[in-house]
Amino acid sequence: MKELQLLIDGEFVNGEAGWFDNVNPVNGEVVAKVAHASAADVDRAVQAGKKTMLGEWGNFSIQERGALLSKVANRITERFDDFLEAEIADTGKPKSLAANIDIPRGAANFQIFADQARSFGSESFMQSTPDGKGAVNYVQRVPLGVVGVICPWNLPLLLMTWKVAPALAAGNTVVVKPSEETPSTATLLAEVMAEILPPGVFNLVHGFGPGSAGEAITTHPDISAITFTGESSTGEAIMKIAAEGMKAVSFELGGKNPAIIFEDADFDAAVAGTLRSVFTNCGQVCLCSERVYVERPIFDKFVNALKVGAQSFVLGDPYDSETSFGPLISKEHREKVLSYFDLAVEEGATVICGGGIPTFNNELDNGFFVEPTIWTGLPENARVIKEEIFGPVCHIQVFDSESEVIEMANDSEYGLAASVWTQNISRAHRVSQRIESGIVWVNDWYLRDLRTPFGGVKRSGLGREGGIYSLNFYSELKNICIKL
Ligand code: NAD
Ligand code: 6OD
């Protein structure tokens, strides 16, 4: 059986805390043994990161770091099929999805920050002084130090590289912990990093959260910053710990995202876009729409069209070219999603489609599949409309006016992403500007320009990453004042 090790100071090693299993969610089989890092392993990783900051890595210019990141991007592209296979083994997501989104974005995340590094400048300020000689101030951007990178399981390579690349571009070193559910692409990335970067720049530790490697990272006194993507409650727990020692934090957290479809929308585009925004990656994307609002004149037609679309997904083996819909990540996560399916019925939902476990009559019955599910008929205070489910499900609500739908969309503790479907340009601006959310897409969903600020408001996150916004987080400004 495959063994996935840690990378500490340039060496692949076993973990002091033993091994844990990596399970394939398509059929429930164990596919690899994963080295479990102890707190002492995490400490060695942090010390390696500190050592190279003071030595080889610390002496590279930002242009040299950029050139190395380009090499990493190229190497991911050269090993595309290895990364693809590893991502599918961990997540069970359809090959077409991983091949079009996850792996290309893994490479693109390094390339964008390699490019950004080449044009990273700083400001200077001329100052007059009482003696008339003057002074010049220049602003230096210095790395934060060793950055702890803690990642979730839904888009494992994409979300890890989205944080690792800018952290390295800015001159930091990293100790990375992937989700315990998805250790494989991180381990492949460690192989690439070990080929290209000096030892200690990229350190990989596997493990869990509380009482394990995650906690060891967040509590380590020599970690300067924590960049985290995951659940809002985990972010809150990490923030409390990070307060001690004043670690900088950047958080991408949960969502309960609205999709708003006006009567004047391009109907077919809105249906196709909403099918994507609700069901991509089995609904396991923080940006997915779990609340869909449709204007009354097109409500029945839209509900029916979304149902037809949801029922046309092909659930199955990720390598089958017909498959458009994979399993949930784990047995535990499926239990959580199914508990919301039960709760919706208790709360009085009309089940338009789905709501159960599909049957395959083969080994896929041991996997963690659920049916694409649509509900209507619930009041806005129903728990399934308030709480993040993170599965292939949405509730469709009817609305009669712009002000009503804006109020409903904003009545949430989350504020990550919204999509608005209308052909009225004034309405598009009016509504987008009033939605409380880090990102609003008009007539599309998950259209990304990696230079733009990405992040959430309310319980959906803290800070913005992307382009220069990432480099701002991963570096500290220092002013140097020189009397002339
Ligand atoms: P999670 O919070 O359970 O775990 C994320 C990571 O944190 C894992 O590596 C886990 O081991 C670690 N962890 C858990 N508890 C910890 C602790 N106390 N201290 C340190 N580390 C800890 O999240 P998940 O279930 O892996 O991911 C799904 C969640 O992530 C959803 O809520 C989703 O919305 C959110 N998410 C948000 C974004 C975004 O960009 N806003 C992106 C992806 C996922
Ligand atoms: O596309 C990205 O950069 C990004 N951070 C996506 C997050 C998706 C959440 O699951």
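For the structure itself, consult the block above.
Let us look at the structure shown here. (Residues numbered from 1 in each chain as written. Chains lettered and ligands numbered in written order. Predicted model: local features only at pLDDT ≥ 70, side-chain atom pairs only at ≥ 80, totals over all residues. Heavy atoms only, no water.)

## Comments concerning the site of ligand 1
- In the neighbourhood of ligand 1, 30 residues make up the surrounding shell, with Cys151, Glu180, Thr234, Leu253 and Glu388 lying closest.
- In the environment of ligand 1, an oxygen atom lies 2.7 Å from a nitrogen or oxygen atom belonging to the side chain of Glu180.
- Between Glu231 and ligand 1, the recorded distance is 2.9 Å, taken from a backbone N or O atom to an oxygen atom.
- The cavity that encloses ligand 1 is the largest pocket.
- Element by element, the count of residues in the shell around ligand 1 is highest for helix α7 (residues 213–218), at three residues. (Near = heavy atom within 4 Å. Polar contact = N/O pair within 3.5 Å; in protein donor to acceptor, adjacent residues only side chain to side chain. 1 Å grid on protein atoms, 1.4 Å probe; cavity = no way out; pocket = protein on both sides within 12 Å on 5 of 7 lines; lining within 4 Å. Sits in = over half its atoms within 2 Å of the grid points. Helix = DSSP H or I, 4+ residues; strand = E, 2+ residues; numbered from the N terminus.)

## Re the sheet that holds strand β13 (residues 257–261)
- Taken together, the seven strands give an open sheet; going across it, the order is β15-β16-β17-β14-β13-β19-β20, and neighbouring strands pair in mixed fashion. Only two strands of the sheet have a single neighbouring strand rather than two, namely β15 (350–353) and β20 (439–442). Ignoring strand direction, the axes of neighbouring strands in this sheet form an average angle of 25 degrees.
- The pairing of β13 with strand β19 (residues 417–421) spans three bridges and is classified as parallel. Bridge assignment links Ile260 to a residue of β19, and that residue is Val420. (Pairing = 2+ DSSP bridges. Axes fitted to C-alpha atoms, helices over the stretch in contact; angles between N-to-C directions.)

## With respect to the site of ligand 2
- The local shell around ligand 2 holds 13 residues, among which Arg105, Asn154, Cys286, Tyr446 and Arg448 are the closest.
- The separation between a nitrogen atom of ligand 2 and a polar side-chain atom of Glu252 is 3.2 Å.
- Starting from 300 Å² of accessible surface for ligand 2 in isolation, the protein chains cover 100%.
- Judged by the fraction of its atoms near the pocket grid, ligand 2 is located in the largest cavity.
- With three residues, the single largest contributor to the shell around ligand 2 is helix α5 (residues 156–169).
- Along the lines of polarity and charge, the residues of the shell around ligand 2 split into nine nonpolar, one polar and three charged. (Areas by Shrake-Rupley, 256 points an atom, 1.4 Å probe, with all protein chains shown as cover. Nonpolar A, V, L, I, M, F, W, Y, C, P; charged D, E, K, R; others polar.)

## Focus: the pattern of salt bridges
- With the rule as written, the count across this model stands at 27 salt bridges.
- Here Asp41 and Arg44 are joined by a salt bridge, their closest N and O atoms 2.7 Å apart. A residue pair is termed a helical-turn pair when its members lie 3 or 4 positions apart in one helix, as Asp41 and Arg44 do in helix α1 (residues 39–54) at three residues.
- Note that Arg459 and Glu236 form a salt bridge whose closest N and O atoms lie 2.8 Å from each other. One end of the pair, Arg459, is in the loop between β21 (457–458) and β22 (461–462); the other, Glu236, is in helix α8 (residues 232–243), and 223 residues separate them in sequence.
- For Arg459, a relative accessible area of 24% gives the class partly exposed.
- When salt bridges that share partners are traced, they join Asp264, Glu402, Arg427 and Arg430 into one network. (Salt bridge = Lys/Arg side-chain N within 4 Å of Asp/Glu carboxyl O. Buried < 20%, exposed > 50% of the residue type's maximum accessible area, 1.4 Å probe, protein only.)

## Describing α1
- The end-to-end C-alpha distance of α1 is 23 Å, a good match for the 22 Å that 16 residues give at a rise of 1.5 Å each.
- Buried within α1 are the following residues: Asp41, Val42, Ala45, Val46, Ala48, Gly49, Thr52 and Met53. Along the axis of α1, the buried positions cluster into a sector of 155 degrees, meaning they face one direction only. In this structure, α1 carries Ala39, Lys51 and Leu54 as exposed residues pointing more than 90 degrees from its buried face.
- N-cap assignment for α1: the residue whose side-chain oxygen lies 3.2 Å from the backbone N of Ala40 is Ser38. (Expected span 1.5 Å × (residues − 1). Arc of directions from axis to C-beta.)

## Examining the pairing of strand β11 (residues 223–229)
- In terms of burial, β11 is largely enclosed, as six of its seven residues are buried.
- Relative to β11, strand β8 (residues 146–150) runs parallel, the two being bridged by five bridges. Within β11, the residue paired with Gly148 across the bridge is Ile226.
- The pairing of β11 with strand β12 (residues 248–252) spans five bridges and is parallel. Paired with Thr229 across the two strands is Glu252, which belongs to β12.

## What to know about the environment of Lys458
- Of note, Lys458 is situated in strand β21.
- Counting along the chain gives 20 residues from Lys458 to Gly438, while the straight-line C-alpha distance between them is 9.3 Å.

## Considerations on helix α4 (residues 95–118)
- Between its first and last C-alpha atoms α4 spans 34 Å; for 24 residues at 1.5 Å apiece the expected length is 34 Å, and the two agree.
- Of all the bends in α4, the greatest, near 35 degrees, is centred on Arg105. (Bend = angle between axes of the 7 residues up to and from the residue.)

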